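Coordinate inspection notes
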Amino acid sequence: MKRQFFSILSAATVLLAAAGITACQGNQFKIEGNITDAQDSVLYLENMALDGPQKVDSATLAADGSFAFSQAAPTEAPEFYRLRIGQQIINFAVDSVETITVKAAYPTMASDYTIEGGESNATIKQLAIMQQQLQARARQVVYAPDLSAKAVGDSVLSMVNAYKQQVMNDFIYKEPMKASSYFALFQGIIVGNSYMMIFDPRRDIDDSKPFSAVATSWDILYPKSLRGENLHNIAIEAMKTKRIVQAESEGLTIDADKVKEADIIDIVLTDNKGVTRRLTDLKGKVVLLDFHIFGAEGSAARILALRELYNKYHDRGLEIYQVSLDEDDHFWKTQTAALPWISVRDAAGSGTQAYLYQAQSLPIDYIVSRDNIVVKGPRQIKDLESDIASQL
């Protein structure tokens, strides 16, 4: 079920929005450890739900600070939790059935702790500490006696923009599929008496891009998960709002239901003729996004099968955007010279574009709708031809 844009964003005031995930009651994850110097304090385990943190368990700490909680493990997508004593918080993600171990001391547990278990939790800790440092710098500016209100606002915004660029470049765009990237999208700071989202598509339309990147990756890894749907809603509604505002400023009216934008991780690579080809430029066509190695066994037979598909459906609106991961540029150009579709090569060698699309074994395909939305990934494609035909 889709939720309204503003209700989704309002959940960011609790630092992380998350939709409920159906869990298998038979499988459990465990969070355990020690938080010292907190005898008789109540430690809460809270699930970060879309409507705010939900208490799921608690324990009064003894002298050694030991604790252990168990909860149903997520089965559809990573789930997010936090440990809290007062305002001291440790965020973590649960990917599957696992044991996570936390060690800390109160009252510095939010910034000085160790965590083991969960592939993204070390990165989540890094992001949380970076956020705390940003908060401290912003607080210094807000309470500087010699700065005007405008100077404070400009300075804080400059800090936030620099932080955004660092997080997008070093975390989100490098690994959009990770729970840590999802976590990063919902960070925020307190400015004066107001909560400010770091990524806020209502304030900056470009912020819809990292939301779309993470949403597309999550669609591929966790199809139809509510988290991915939430991210899509935020990005799409932001774009609708921008288009409507622009139209109104020009004295026009526009139907919000007709405003759509790309909802895909874009690929921009040079084809075998030296022309820059952008995946999103194919909007209006049904696209078979194919990752391929021409030097691999079985390549020739696969290319013949793709030729049959292309010849049969191209006139009805099918295009093939094929990304080669071959290391030899000359070999690739020779192999693709006679192909009628778009042939590009990931010159990074390590398969940067394939990594973003979780193409861990090749060849692998994705079907992109006419609206630039990945509608089927390798896990959902059962019959390639019929799945393509259903989109035409």
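Reference entry: report on the structure contained in this document. (Residues numbered from 1 in each chain as written. Predicted model: local features only at pLDDT ≥ 70, side-chain atom pairs only at ≥ 80, totals over all residues. Heavy atoms only, no water.)

**Looking at helix H2 (residues 121-142)**
End to end, H2 covers 31 Å across 22 residues, agreeing with the expected 32 Å (1.5 Å per residue, within 8%). If you check which residues of H2 are buried, you get Asn121, Thr123, Ile124, Leu127, Ala128, Met130, Gln131, Leu134, Gln135, Ala138 and Val141. (Helix = DSSP H or I, 4+ residues; strand = E, 2+ residues; numbered from the N terminus. Expected span 1.5 Å × (residues − 1). Buried < 20%, exposed > 50% of the residue type's maximum accessible area, 1.4 Å probe, protein only.)

**A closer look at the environment of Asp266**
Positionally, Asp266 belongs in the loop between helix H6 (226-249) and strand E11 (268-270). Counting along the chain gives 53 residues from Asp266 to Ala213, while the straight-line C-alpha distance between them is 8.5 Å.

**Brief notes about helix H3 (residues 149-172)**
What sets the pattern is the α-helix's 3.6 residues per turn: residues three or four places apart point alike. The end-to-end C-alpha separation of H3 is 32 Å, in line with the 34 Å expected for 24 residues at 1.5 Å each. What H3 keeps buried is the set Val152, Val156, Met159, Val160, Tyr163, Lys164, Val167, Met168, Phe171 and Ile172. Next to the buried residues of H3 lie H2, helix H4 (179-185), strand E9 (188-191), strand E10 (194-197) and helix H5 (208-221). (Contact = heavy atoms within 4.5 Å.)

**Some remarks on the packing of aromatic side chains**
With the rule as written, the count across this model stands at ten aromatic pairs. Taking the centre distance of 5.3 Å and the plane angle of 25 degrees together, the rings of Phe80 and Tyr182 count as stacked. Of this pair, Phe80 sits in strand E5 (residues 79-85) while Tyr182 sits in helix H4, and the two are 102 residues apart along the sequence. For Phe80, a relative accessible area of 0% puts it in the buried group. For Tyr182, a relative accessible area of 0% puts it in the buried group. The ring centre of Tyr113 lies 5.0 Å from the NZ or CZ of Lys125, which sits over that ring. Looking at Arg227, its charged tip hangs above the ring of Tyr182, at a distance of 5.2 Å from the centre. (Phe/Tyr/Trp six-rings, centres within 6.5 Å; stacked < 30°, edge-to-face > 60°. Lys NZ or Arg CZ within 6 Å of the ring centre and 35° of its normal.)

**Some remarks on the nonpolar core**
Within soluble globular proteins, side chains that are nonpolar tend to cluster in buried spots. Membership of the largest hydrophobic core comes to 39 residues, with the highest contact counts inside it found for Phe80, Val156, Val167, Ile172, Phe211 and Leu231. When residues of this core are traced back to their parent elements, those giving at least two are H2, H3, H4, H5 and H6. Element by element, the count of residues in this core is highest for H3, at nine residues. Not counting chain neighbours up to four residues away, the residues in contact with Val167 comprise Leu127, Met130, Ile172, Ala184 and Phe199. With 21 residues, the next largest nonpolar core counts Ile31, Leu61, Phe67 and Leu83 among its residues. (Core = buried A, V, L, I, M, F, W, Y, C linked by side-chain atoms within 4.5 Å.)

**A closer look at the pattern of salt bridges**
Counted by the stated rule, this structure contains 15 salt bridges. As a salt-bridge pair, Asp207 and Lys164 come within 2.9 Å of each other at their nearest N and O atoms. Of this pair, Asp207 sits in the loop between E10 and H5 while Lys164 sits in helix H3, and the two are 43 residues apart along the sequence. Across this residue pair, the class does not change: Asp207 and Lys164 are buried. Where Glu385 meets Lys312, a salt bridge forms, and the shortest distance between an N and an O atom there is 2.6 Å. Of this pair, Glu385 sits in helix H10 (residues 384-389) while Lys312 sits in helix H7 (residues 299-313), and the two are 73 residues apart along the sequence. Linked through salt bridges whose partners overlap, the residues forming this network are Glu46, Arg82 and Arg84. (Salt bridge = Lys/Arg side-chain N within 4 Å of Asp/Glu carboxyl O.)

**Things to note about unusual backbone geometry**
In this chain, Tyr106 is followed by Pro107 through a cis amide linkage whose omega measures 15 degrees. Positionally, Pro107 belongs in the loop between strand E7 (99-105) and strand E8 (113-116). Of note in the backbone geometry, Asp40 takes a positive phi value of approximately 70 degrees without being a glycine. Secondary-structure assignment places Asp40 in the loop between strand E1 (23-36) and strand E2 (42-49). Exposure remark for Asp40: the relative accessible area of 58% places this residue in the exposed category. For Asn372, which is not glycine, the phi torsion reads 65 degrees and is therefore positive. Residue position: Asn372 is located in the loop between strand E16 (364-368) and strand E17 (374-376). Judged by relative accessible area, which is 2%, Asn372 ranks as buried.

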